[in-house]
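What follows is each chain in one-letter form.
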Amino acid sequence: MVFVLCFFGVGFINGCLCLAAVEWIVFSNKNVREVLIKATKLTKRYGGFVAVDGVDFEVYRGECVGFLGPNGAGKTTTVRMMYCFLPPTSGDLTVAGLSVNSKCREIKQIVGVAPQEDNLDIDFSVVKNLVVYARYFGISKPEALRRAEEQLRFFQLQEKRDMHIEALSTGMKRRLIFARALLHNPQVLLLDEPTTGLDPQARHLVWDAVRQLKKMQVTIILTTHYMDEAEILCDRIIIVDHGKIIEDGKPKELIKKHIGEDVLELDYDEAYISLLRQTFSDARVEVIGERMQVFTSEPYSVFEGFLHTHRLPNVTLRKANLEDVFLKLTGRDLRADD
Amino acid sequence: MTEVNIRKSPAKFSIPKISSNVWKVWRRNADVFTKTIGVNFLPSMLEPILYLFAFGLGLGNFIPEINGAPFINFIAPALVAISLMNGAFFECTYGSFVRMYFQKTFDAIVATPISIEEVVAGELLWGATRGTINSTIVLAVVGISGFFTAQPLITSPLFLLIPIIAFFGGLMLSSIAMCFTALSPNIDFFNYPIFLLITPMLFLSGTFFPLSSLPHAVQGLALTALPLTHIVNLTRGALTGTTELLFGLNTQTLIPLSILWITLIAAIFFIVSINLMKKRLTK
């Protein structure tokens, strides 16, 4: 009896401790998860065309959220509304509790923008671009120079310091645009396709910068067409198409939910399809040109077993990735450029 | 359910709200100007010298005196006015259009705490400044040339007011120019305001021949519709102490009239041009 009581007693205390721990985690999570950007029924219309169609989303402080979508899906329009470049047609959008309809100046003071298009000031040298831009934020000249040099060093542009903008390569320009967005130490960073047209070295430099900023609790919104980039950098992915959010979640969870763990790729052959269907009960077989892709939630061993029994030519077994999710959700049709 | 708030037209016509941020935009342009001062200075200086030679001395030899003074004395104040018109108008048409459309400078600036109204206002103030710089250079050229002509070209101490006249006259022409910039689909569009407004003004505003020699109706029309007429009135008044006798009005009436006209038109177009630009750039 005493033993039983003791057992229950310990169990009770354990239970209490567990509950407290859970409480604590939930509570501290609440503290961390401060909503920094909030969109409610956010809509942008151009005449009859609806670019952003009543979307709701939240971005938490310190989070890196990737907006993915085909061309013309409404990614850039959404980002542009976040820094008051475009006024919403209807709905609400707040950044740090400030409405884009009335508090633009305050919002722009805490938001850093690296736009998709190159809008560096070609009338100035590299360093002067940064100094003049810092002046728009009311930063004093010595401080502006100090920050400019610091950014140039970080983005490995100090050798180009006094060069003309036209003399820079696309990659250098993208890096300079990124550097420019950081001059006023923004709380929120909007990166619209930051690595388009970059070589692998420059791409990794940009990724490094993003990781460092994440450590500093900077909230980052990133649009990109590179799924590997989104998978590596983003805590959360929002997939948009035709102005609507069609999926929202952590990259790993989205892959698991929509694709599974592994993907089998092999040459297209009508004869194999029924065989595949027998082996993988829930298989989704997709034919892309001369190749087939098999998506299923079967465990890895089933794949291995299958490959062991059937020696098929040109077979690849690979990990499922975000691109599979993206193509499944948005289809394979080509989109017009936006 | 959250209430969906439909915003009214984003670019509602309004009196622009501007702060000292306009000077940051102005400074940007001033920095570019000082960087390229060589290319900016020399043409502004050479042009009036050519005019003085070609029209003043060359053509002037065949022309009898106008109101008791040589022809070159008649055109000198007009050259000051023309240079300010060109400086301000071209800055806020071609200059602003290139910055807005090709260089995306405005897009870059509006991502900072500076508003689009302030960007445009800064451009207008810079246009006015360009007019002031240009006309001050021409004033100096005219003043120095006066030592070598039959009669000095500047005969009134009021010439010291030229920078002020130039700034407000320049602001008026910048604002008018900016309206065309807001409406232009492409850069070639500027041929229209140049051929329909600038060229007629260049010749019909009492510049190279007395406006008073034209019919009464034309004088009235010039006073009503050609901004340069009023600027010429003021520069001529400042350099020589008197204006032409236009539409039966003498210097004492014309000077206040021109000041009033310029102030009014500048104020109207300043507000209108900022609103038009805001409408163009806020989609």
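Residues numbered from 1 in each chain as written. Chains lettered and ligands numbered in written order. Predicted model: local features only at pLDDT ≥ 70, side-chain atom pairs only at ≥ 80, totals over all residues.

## Here's the deal with the overall build of chain B
Scanning chain B from terminus to terminus reveals 10 helices and 0 strands. For chain B, the sequential pattern of α-helices and β-strands runs α-α-α-α-α-α-α-α-α-α. For 283 residues, the compact-globule estimate of 2.2 N^0.38 gives 19 Å, and chain B sits close to it at 20 Å. Across its three principal axes, chain B shows a C-alpha extent of roughly 85 × 40 × 35 Å. Among the 283 residues that make up chain B, the fraction classed as buried is 48%. When contacts within chain B are restricted to residue pairs at least 6 apart in sequence, long-range pairs at least 24 apart make up 81% of them. (Helix = DSSP H or I, 4+ residues; strand = E, 2+ residues; numbered from the N terminus. Rg over C-alpha atoms; globule rule 2.2 N^0.38 Å. Buried ≥ 20, exposed ≤ 12 C-beta atoms within 10 Å, placed from the backbone. Contact = placed C-beta atoms within 7 Å.)

## Looking at the overall build of chain A
What chain A contains, in helices and strands, is 12 helices and 14 strands. Out of the 338 residues in chain A, the part that is buried amounts to 37%. Considering only contacts in chain A between residues 6 or more positions apart, those separated by 24 or more positions represent 69%.

## Brief notes about the sheet that holds strand 9 (residues 236–241) of chain A
Residues and elements named next belong to chain A. Read across the sheet, 6 strands follow the order 6-7-8-3-9-10 without closing on themselves; strand pairing throughout is mixed. Each of the sheet's edge strands pairs with one partner strand only, and the pair in question is strand 6 (111–114) and strand 10 (244–249). Between one strand and the next, the sheet's axes are offset by a mean angle of 15°, whatever the strand orientation. By the bridge criterion, 5 bridges tie strand 7 (residues 188–192) to strand 8 (residues 219–223) in an arrangement that is parallel. Following the sheet pairing, L190 is matched in strand 8 by I221. Sheet strands touched by helix 2 (residues 75–82): strand 3 (64–68), strand 6, strand 7, strand 8 and strand 9. Its angle to strand 8, the strand with the most contacts, is close to 150°. Running at roughly 25° to strand 9, helix 12 (residues 322–330) makes contact with strand 3, strand 9 and strand 10 of the sheet. (Pairing = 2+ DSSP bridges. Axes fitted to C-alpha atoms, helices over the stretch in contact; angles between N-to-C directions.)

## Re the pairing of strand 1 (residues 35–46) of chain A
Residue and element names in this part refer to chain A. For strand 1 and strand 2 (residues 49–60), the ladder comprises 8 bridges, and the chain directions are antiparallel. Each bridged residue has a counterpart across the sheet, and for A39 the counterpart in strand 2 is F57. Connecting strand 1 to the antiparallel partner strand 2 that follows it, the hairpin turn spans 2 residues, and G47 within it adopts a positive phi of roughly 60°. Of the strand pairs in this sheet, strand 1 and strand 4 (residues 90–95) are connected by 5 bridges, and their pairing is antiparallel. The residue of strand 4 that forms the bridge with K38 is T94.

## Topic: the domain arrangement of chain A
Domain parsing of chain A yields domain 1 (35–255) and domain 2 (260–320). When each unit is reduced to the centre of its C-alpha atoms, the spacing between domain 1 of chain A and domain 2 of chain A is 39 Å. (Domains from an automatic or database assignment.)

## A look at the nonpolar core
M82(A), L190(A), I221(A) and M85(B) are the most contacted members of the largest nonpolar core, which has 157 residues in total. Of the residues forming this core, the biggest block, 18 residues, is contributed by helix 3 (residues 71–102) of chain B. Once residues lying within four places of it in the same chain are set aside, the contact partners of M85(B) are L173(B), M201(B), L228(B) and I231(B). Grouped together as the second largest cluster of nonpolar side chains are 6 residues, L266(A), F280(A), F303(A) and F306(A) included. (Core = buried A, V, L, I, M, F, W, Y, C linked by C-beta atoms within 7 Å.)

## Notes on unusual backbone geometry
Positive phi values are uncommon outside glycine, yet H242(A) reaches one of about 50°. Residue position: H242(A) is located in the loop between strand 9 and strand 10. In this structure, F247(B) is a non-glycine residue whose phi angle is positive, near 55°.

## Topic: the interface of chain A and chain B
Accessible area lost on assembly of the parts is the figure often given for the size of an interface. At the junction of the two partners, chain A supplies 28 residues and chain B supplies 25 residues. Among the residues forming the side of chain A that touches chain B, the class breakdown is 13 nonpolar, 7 polar and 8 charged. (Nonpolar A, V, L, I, M, F, W, Y, C, P; charged D, E, K, R; others polar.)

## Describing the pairing of strand 4 of chain A
Residue and element names in this part refer to chain A. Residue alternation in strand 4 divides its side chains into a buried set, G91, L93 and V95, and an unburied set, S90, D92 and T94. Examined bridge by bridge, strand 4 and strand 5 (residues 98–99) share 2 bridges and lie antiparallel to one another. Across the sheet, V95 pairs through a bridge with L98, a residue of strand 5. In this antiparallel pair of consecutive strands, strand 4 and strand 5, the connection spans 2 residues, and A96 shows a positive phi of 50°.

## Notes on the environment of V126(A)
All names here are of chain A. In this fold, V126 is placed in helix 4 (residues 126–136). For V126, a count of 24 C-beta atoms within 10 Å translates into the label buried. Each C-alpha atom, one on V126 and one on P186, is 21 Å from the other, the two residues being 60 residues apart in sequence.

## Some thoughts on the environment of T263(B)
Turning to its location among the elements, T263(B) is positioned in helix 10 (residues 251–281). Separated by 91 residues in the primary sequence, T263(B) and M172(B) place their C-alpha atoms 7.8 Å from one another.

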